[in-house]
Each structure stands twice: as C-alpha cells, then as structure tokens.
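Examination of the molecular architecture
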Amino acid sequence: MRLINAIIRVRMEIKESLKLPRGIADSLRVLIKIVEAVHKSPDLKEIYDTALDFVVQLDKVNMAAIYLLDDPGKNAVLQSHRNFPADYVKHASVIPVGTGITGKVLATGKMLNIEDIHKSEEIGPAGRRAGFHGVLGLPIDLDGKTIGVIWFARYKEEKFTRSEVELLTTIGSQIAIAISRAKQRQELEEKNRNLSILGTLAERVHRSADLGFMYETFLEVTQDLNIYNTMALYLVEQDEGGGRRAVLHLDKGLSGDYIEHASVIPESGGVTWRVIKSGAPVYYNEMSGGENPLGPAGRRLGHKAIFSMPIKYGVQTTGVINFGSTEKNFFDKSDIEIMLSLGNQIGTAIAKVKMLEEARERAVELEKLYTDLKSTQDQLIQSEKLASLGQLVSSIAHEINNPLTPILGYSQMLLAQPDIEDEKRDRFLQVIHQSADKVRKIVENLLSFARKDKPRREYSDVNEILESAVEFRRYQLNLENIEVVKDLDPCLPKTMLDSNQVQQVFTNIILNAYHAIASSRQYHGRLEVGSGVNDAGMIEVTFRDTGPGIPADIQNKIFDPFFTTKPTGVGTGLGLSVSYGIIKEHGGSIAVESDAEREGTVFRIALPVLDIKNYLGVDEEEDNNIRMETTDSSNGRMVMIVEDEELVTALVTGILESDGYGVEVAVNGEEALSKVGRAAYDFIVCDIKMPQMNGKEFYRRLKAMDTGLERRILFITGDPSTETLDFIEETGDRFLSKPFKIEEFREVVKEFQ
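Counting restarts for each chain, with residues numbered from 1 along the sequence as it is written. It should be noted that, the model being predicted, local features are given only for residues of pLDDT at least 70 and side-chain atom pairs only at 80 or more, the latter also being counted only at that level, while totals for whole chains, interfaces and linings use all residues. Here the side-chain values reflect all heavy atoms present in the structure, with hydrogen atoms and water set aside.

Two strands form a pair only when DSSP identifies at least two bridges running between them. Helix numbering and strand numbering both begin at the N terminus, where a helix is a DSSP run of H or I of at least 4 residues and a strand a DSSP run of E of at least 2. Reading across from one edge, β21-β20-β22-β23-β24 is the order of the 5 strands in this open sheet, with parallel pairing throughout. Unpaired on one side and paired on the other, β21 (662-666) and β24 (734-737) mark the two borders of the sheet. Between one strand axis and the next, the sheet turns through 20° on average, direction left out of account. Bridge count for strand β20 (residues 638-642) against β21 is 5 bridges, and the pairing is parallel. If you follow isoleucine 641 over to β21, its bridge partner there is valine 665. Across the sheet, helix α22 (residues 722-731) is in contact with β23 (713-717) and β24; its angle to β23 comes to roughly 175°. Lines fitted to C-alpha atoms define the axes here, with helix axes fitted over just the stretch in contact, and angles between the N-to-C directions of these axes take values from 0 to 180 degrees. For this analysis, residues touch if any pair of their heavy atoms sits within 4.5 Å.

We now examine the confidence of the model for the chain. Any region with low pLDDT has predicted coordinates that should not be read closely. Confidence in the prediction of the chain, expressed as mean pLDDT, is 79, and 80% of residues score 70 or more. Per-element mean pLDDT across the chain ranges from 39 in helix α18 (residues 620-632) up to 94 in strand β17 (residues 539-545). pLDDT runs from 0 to 100 and stands for how confident the predictor is about each residue. With pLDDT under 50 throughout, residues 13-22 is counted as low confidence; its partners more than four residues away or in other chains account for 0 contacts. A low-confidence stretch, residues 568-573 stays under pLDDT 50, and its non-local contacts, those more than four residues away or across chains, total 15 contacts.

On to the environment of asparagine 500, then. When you line up the elements, asparagine 500 lands in helix α15 (residues 499-519). Sequence spacing of asparagine 500 and arginine 457 is 43 residues, and the spatial spacing of their C-alpha atoms is 9.5 Å.

What follows covers the packing of aromatic side chains. By convention here, two paired aromatic rings are described through the distance between centres and the angle between planes. In this analysis, rings of Phe, Tyr and Trp, with Trp reduced to its six-membered ring, are considered paired at centre separations within 6.5 Å, and the interplanar angle assigns stacked below 30 degrees, edge-to-face beyond 60, and tilted for intermediate values. Per the stated rule, a full pass over the model turns up 11 aromatic pairs. Their ring planes at 55° and their centres at 4.8 Å tell us that tyrosine 228 and phenylalanine 323 sit as a pair that is tilted. With tyrosine 228 in the loop between α7 (211-221) and β7 (230-238) and phenylalanine 323 in strand β12 (residues 316-325), the pair connects residues that are 95 residues apart, well separated along the chain. Comparing tyrosine 228 with phenylalanine 323 shows no difference in burial state: the two are buried. An aromatic cluster is built from Phe84, Tyr88 and Phe132, whose rings are joined through pairwise contacts. Sitting over the ring of phenylalanine 160, arginine 154 keeps its end group 3.8 Å from the ring centre. A simple rule labels every residue: compare its accessible area, found with a 1.4 Å probe on the protein chains alone, to the largest value its type can have, and call it buried under 20%, exposed over 50%, or partly exposed in between. Criterion for a charge above a ring: Arg CZ or Lys NZ at most 6 Å from the ring centre, at most 35 degrees from the ring normal.

Pairing is possible between side chains of opposite charge, provided their charged atoms come close. Throughout this description, the term salt bridge denotes a Lys or Arg side-chain nitrogen within 4 Å of a carboxyl oxygen of Asp or Glu. Under the definition given, this model contains 28 salt bridges. Across the pair arginine 82 and aspartate 53 runs a salt bridge whose closest N-O atoms are separated by 2.5 Å. In this pair, arginine 82 is assigned in strand β2 (residues 75-82) and aspartate 53 in helix α2 (residues 44-55), connecting sequence segments 29 residues apart. Overall, aspartate 53 belongs to the partly exposed group, its relative accessible area being 36%. Here glutamate 723 makes a salt bridge to lysine 696, at a shortest N to O gap of 3.3 Å. Taken as a pair, glutamate 723 in helix α22 and lysine 696 in helix α21 (residues 695-705) lie far apart in primary sequence, 27 residues in all. One network of salt bridges, in which partners are shared, links Lys45, Asp49, Asp53 and Arg82.

Right, dumping it as structure tokens:
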C-alpha cells in the first residue's frame, strides 16, 4: 500500500513539473505587463487598478488589495482591490494601525504568508467572511519606511510557494517604485506651484505702500493654496489706557462668532500673545497631544493643526499670523516652510509701510525741531560761532523746509496712490532721496560749524572745504544779491589739516564779507573766492569782497579778541581772533588787505602743504607694510550690529546683507557681549548712545576680553560732541556720523576686508 501511494505521489510531482515551464511563461508575461503599466502612468489610482487587474490573472491568485497609510499614519486605507466582496470593503476599507494582520505587516515591515486565515486569531470578522483562505501580505517600503501592504489571497487552503512569493514580491516592488515616483512627482508639482504663488506674492505686494491693497493681494494670490483653510493676521496697537492689544487686520475662513469675540485681543496668555511676547513661532496639532493653545473662540473653529508665527520689524515683534486647518491633522515640514515664507513676505511689506510712515513722522518732527530752533535763537548766542549760528537759524529753517516740502508731499502721494506707475514712483522716490540728502548736508554743516573740538588732522582737499563753506552761506548771500565768483585751482595739492576748523575760518570770513556788503546798502555785491599755490609753495586761499573796506587805523586790531565793528548784538568780536588762532595752529598765516577809499577787502590765508607720510613720520616701506596688514587682516563674512534704533539697524543690515555679509543684531552692549565668543565676527558696527550698556562701556568690556575685536569696530553716532569724538580717537577705531551715505559706509567697510 505504501508503494502504491509513493508511486501516485511521484506521478503527481512529475505532472506538476511538466506544467511549470508554461506557468513560468505566463507569470513572466503578466509581470512584464504590470511593469509596463505602472511605469507608463503618472496617476496612482490608475497604477493600482491596472496592476491588480493583471495580478488576478495569475494562477491561484484570486483576490488582491492595496492598503496605504494616511498622512497622520494612524490608519491603513484601502486604495484598490479585486474580487473582495462588498461586505469586506464596507467594514475593512480603513484599518487602524496595530489592528489585525495588516497592522502586523505595517509594524514589522516583514512579509506574512498564512496557509489559512481561519486558523489565525489575528484576522478580523470581515476577513473571515471574505471567502479566502491562503493569504500573502507584502510590505510597501518608501525611503526606508513601511507605508503600506499589498495583499494576495486564494480560495484554497495553502501557503504561497517560494516561486510564487518571489514573483509577487517582484510585482510588489514595481508597484512600490511606481508609488514612490508618483509621490515625488506630485510633491515636485506642489512645490513648484507653491513657489510660483510665493513669487507672484513677492512681486505684487512690494509694488505698493498701501496696506489695504497688500491685504487684498495676499488673499487673491494665496486663494488656491491648500495648506491651510483659516488665517488671521494681527498687528499690535496701543489701547487708550496705554496698554497693548492685538487687532485683527486680515482673515480667511474665520466664522462670524470668532470675529465677534476675537477681532481685538487684549494682552493675555493666549497663543497670539504668547508669540508676540516670545518672538518665536508656536506649532500645535491634535495628534501630538498637549493643551490646545487657542482661546474659546479659536477652539470653536475646530482646528486640527495650528501654526502661529511672529511678524518682525527689526528686532521687535509687531504682529502675528495664525494659520490653521480644520481638515489636515498636521502640518509637515514643507507646509511650515511655505507658511513661513508667506508670513515673511507680508511681514516685510508691512515693515516697509511702517518705515515710510515713520519717515514721514520724522520729517514732521524735523520741521518742528527747526521751527523751535528759530524761536530760541537768542539763547544760543554765547560766542562768535553761536552768535553767527543764531543769525543763520531763520535761513537754515527756510532751507530745511524747502527740501522737507517735497519729502512730505511725495511720500503722501505714494501712500495715497498704491497703483502709481513705476516710472512716476521711481521719480518721486528719487526726489525724496535728493531732498533728504539736502537736509543731511545742511545738518552736517550746521553741526560742523557749531562743534567745538581739538584739531583732528586728516588728508583733506582745501577746495572741497571752500565749496562747503560757500554752500553753507549761499542762501544769505543770495538774499543780498551778492554774486560769488570762484577761481579754484583744480591741481591744488591736498594737505593735513582739521577740515572742521578750517571750514569755520572760511565760513567766518564769508560771513564778514556778507555783513560788510549788506551794510554798504549796495544793490549788487561781489565776493571772489580763489585758491592756488603761492611763490613760497604754500596753499593760498583769497576772499575779495566789494564792501566798504576796513579803515587803516583799525586794521591792526581786527584779530584782537572782542574787537568788532558790527552793531551790538550782531557779533562778539571773537570770530577773527578764533580764526587767527586756528590758522596759526596749522602752521599757516592769515592777513588782510584793505583800502577804505577804494572800497573792498582781501583776506589771504596760507597753509603749508603736508604730505600724509611726512606728517605721520613713516617712510614708504613702512606705509606699504601698513596697507598690507590692513588688506590681509581678515577674511571673515560675519558682522555684529550693536544699535538700539530699529530704522538704523534695518538700513545697516540691508547694506551688509546685500554685500554678502551675515549679520547678527544686538540692541545694546550687554546683549552684544553675550554674543561675542559664540561666532567669529569680521567686525562690529556699534552705536555710542544706547540703553542699559552704551557703546563706550561695551568697548571697555570687549577690550578686557582680549579678543582683538575692539580694534575692529566701526562706531556710528549722531552725537558729534567733543566728549564722544575724544573717546573714538582714544580707541583708534573708525567712525561715521549719522546720517551717512551708503557709499561712505561701504568705503569704511572695505577697510575691514
């Protein structure tokens, strides 16, 4: 009997082996069709359906299904199936992770081959009623993670053979590759679409200085963005009691109930004020657990995911954008990157508008400042310089009001006309810039004239100083119809001198000529200003006026202290005395030629020509070494800005970043010291007057740290007092007076490269 059974078994095996080549051929044909199909279509649903259509053509594969994890990773969702009954699809289309045999494959990432599911305790009721016995579950892997399962089932009670497993594993791998490619394609298309939206937003919101237009543009451009479905933009404002409140300026998808209860949020502990106070973004999703940071009105919206980010103006948080989704369970990394970019774009646009508004307010304040200066001029007459300054106050106020007028006018027009043509807007901005530069020059000359300090020699062009002195007095001269004729030697050599003090001398002599011509009641007057090199090889500057001249009996007294021929209250008699001392201190001479009978006076000033190397006492070789050390001193690209004024910080940051520097900001010396040592800085840009710890104390503390950075500081200051300039001179560092031109700033920065 045993022999008969053995013969029967051998016959069956021979019979099966004879069938194998044909089965292999059929399997290969199906495999080829599946490979062609899944790599031809970009649509995932079409890939699933086509693959399963071919799979069930295989011998002994009666059913097939594909499950993939949803975005949160909580459930396995049925994507496509073949030959499963409706009851199974109804009850098993969504399988929670960790449940049944599908959950087992997802958890282990390993194949599962079961001879009969009815003998397994892990199979669910829907699976038992489905009518199959043998099943093979293959994990679908993507980027090293199991993201789904492909199930193959047969009616017979038997395991899948090794050759069947190999074939079906190959098919599963092809489907997984197709899924990976399709997902990557979808992500790339989504990313390109989002980048296009960001580009359009950036191009459009920065055209205008009108917040309402920017808000409308933001909503219009981002309406097809499917990352979030609610958005609320709050800006911080002062309330009537002096406190702060967050006011809703822009919203999307918010309910009437929310707007009624949360359009104005007083300072509190909610998510909006949490972001304002910390300056850091907040992210929450319901899957991560924890307490929902929204208030009662926000919670009633039913958000599943929330991302709140700050709107910055300099280092200050001026508002918040809250993004939310009632559909997505969480925001992934790419979602947050897009929302950050959107927030930064609208935040930058808001900051631009604030800067324009503040510039207008500053212009109004400046106008008021000089109006007050005019009304208090009598208090400033304490010396010849201050007396002269007092006489100029009304002129200066008039000269400043002239450029202020187009600044205020054109800035109002830009704010009122958001859709103004590009050409006209550029022309308006050019006029504003030119007018503001005129104000800067006037204030610069005013401070230069009024400043009292020790000689500070630099390699200077006397012609430039003359031009500046004439320009400073031009308005007064024009009022009296005094013509200025300049004959300046273009080849005049430079020399070492204190430009501020020499300009004071030139300005005083021009003012004397003005008074002389005006007092003679001439309808027209003439002042000739000349420069050249005299026979002694010295720079000679001449001032020749058409006034009444100086009587011979007092010519030897005009340089005496307190001697004056001007009416009481007009001068103190110190101007020429101070001028004489300044020129003598520079190693030069000042002389007067006048004839009262022929009218007219000539002042001659001679200054020695001092080469910079001779003045400093270094030879050419040493000078070359100095330049080489300066050039090779650093190759760094990181700069720290220590400045409490946000507008100045924004300007300096913009210049440096546009030139390729990385920038870190500190609002006072104490914060700056905490950053030193955590990064390698090429140099430091530092203000002098700041709260908590000023620039002087910061320099002393930095020097004590012995980092060498104290020798690589560019001081910027709006306080050109003697005390401040003495301190900067002691440090040996460079400095710029506020306001400064971008070109001036960049020239100084080059010295640190």
